[in-house]
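# Examining the three-dimensional arrangement
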Amino acid sequence: MSKKPVVGDTVWLTRLQSEKYNNKFGKVVGGDQERADVKLTMEPDKIKRIRWQNLMPYPDPDAKVSPAIILKHFAHALAVTRTHYPPKDHLGPTDRDDVYGRIQMVQAMTMANRLQQSQIGCMEMECFLRSEPTEHMRVLMSYRFPCTGDGVVDFTRFGCGVLKPEDKEQRIFKRLTEWFISGFCERCQFAMFEGPTAADEHSDALIDGI
Ligand SMILES: [Zn+2]
């Protein structure tokens, strides 16, 4: 279910060798078979010619979701995650200290009815370790890749880049649920599971994928 960018789309520039332009945003204003003409958000007076395969449609990159809506979806996402990760009585290390740590963090936020102010890193695991990581945790930590966004998980951005506006609410819920497991920011989730280049078998992968 991929959607290729067309003229008028806001796009995310991805898999470019240029560090300067990779992971930046622009708008498609024209193009030919091979390359699109892209007006970059960072340099609006310039048009760059970029291969279509390096562009992903990414609507509303600056949209913010209100904390109240995030908390509403978090309550549901937390309940779903808890069915897969029931409470542990002992406080020793587990093979998914990170998941239990995220559960705890969200429980505190939903109880206080307030989103945590300090932001957390994309794929952050270290801060959730209960003690020395288990072998399994070590392996998970070693598999991490560089974040495709700015390295920060900001839940109010979890409504950015939703390809079908009518799916927005459901997508926010899915992304929050996925975050408990992978710790991915919304941009990494888009790249891995939702965007045109995401492998079809991965699209909409949720907790069953682990
Ligand atoms: Zn990320």
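Here's a quick rundown of the structure. (Residues numbered from 1 in each chain as written. Predicted model: local features only at pLDDT ≥ 70, side-chain atom pairs only at ≥ 80, totals over all residues.)

### Some remarks on the pairing of strand S1 (residues 10-13)
- Pairing between S1 and strand S2 (residues 25-31): three bridges, direction antiparallel. Paired with Thr10 across the two strands is Lys27, which belongs to S2.
- In terms of strand pairing, S1 meets strand S5 (residues 55-57) through three bridges, oriented antiparallel. When the sheet's bridge partners are listed, Trp12 is paired in S5 with Met56. (Pairing = 2+ DSSP bridges. Helix = DSSP H or I, 4+ residues; strand = E, 2+ residues; numbered from the N terminus.)

### A few points about unusual backbone geometry
- In this model, Asn23 sits at a positive phi of 65°, which is unusual for a non-glycine residue.
- With respect to the helices and strands, Asn23 occurs in the loop between S1 and S2.
- Even without being a glycine, Asn113 presents a positive backbone phi close to 55°.
- Take Asn113: it is sitting in the loop between helix H2 (97-112) and strand S6 (120-121).

### Looking at the packing of helix H1 (residues 67-84) against H2
- For the pair H1 and H2, the least separation of the axes is 10 Å and the interaxial angle reads 140°. In terms of axis orientation, H1 runs oblique to H2. By crossing handedness, the relation of H1 to H2 is classed as left-handed. When H1 is examined against H2, the residues Leu71, Phe74, Ala75, Leu78, Thr81 and Arg82 are found in contact with a partner set consisting of Ile103, Val106, Gln107, Met109 and Thr110.
- Among the residues forming the contact of H1 with H2, the class breakdown is seven nonpolar, three polar and one charged. (Axes fitted to C-alpha atoms, helices over the stretch in contact; angles between N-to-C directions. Parallel < 35°, antiparallel > 145°, perpendicular 65-115°, else oblique. Left-handed = near helix turned anticlockwise from the far one by under 90°. Contact = placed C-beta atoms within 7 Å. Nonpolar A, V, L, I, M, F, W, Y, C, P; charged D, E, K, R; others polar.)

### Regarding the sheet that holds strand S4 (residues 47-51)
- Spatial strand order, S4-S3-S2-S1-S5: five strands in an open sheet with antiparallel pairing. Each end of this open sheet is capped by a strand with a single partner; those strands are S4 and S5. Each adjacent strand pair in this sheet contributes to an overall mean axis angle of 50°, direction not counted.

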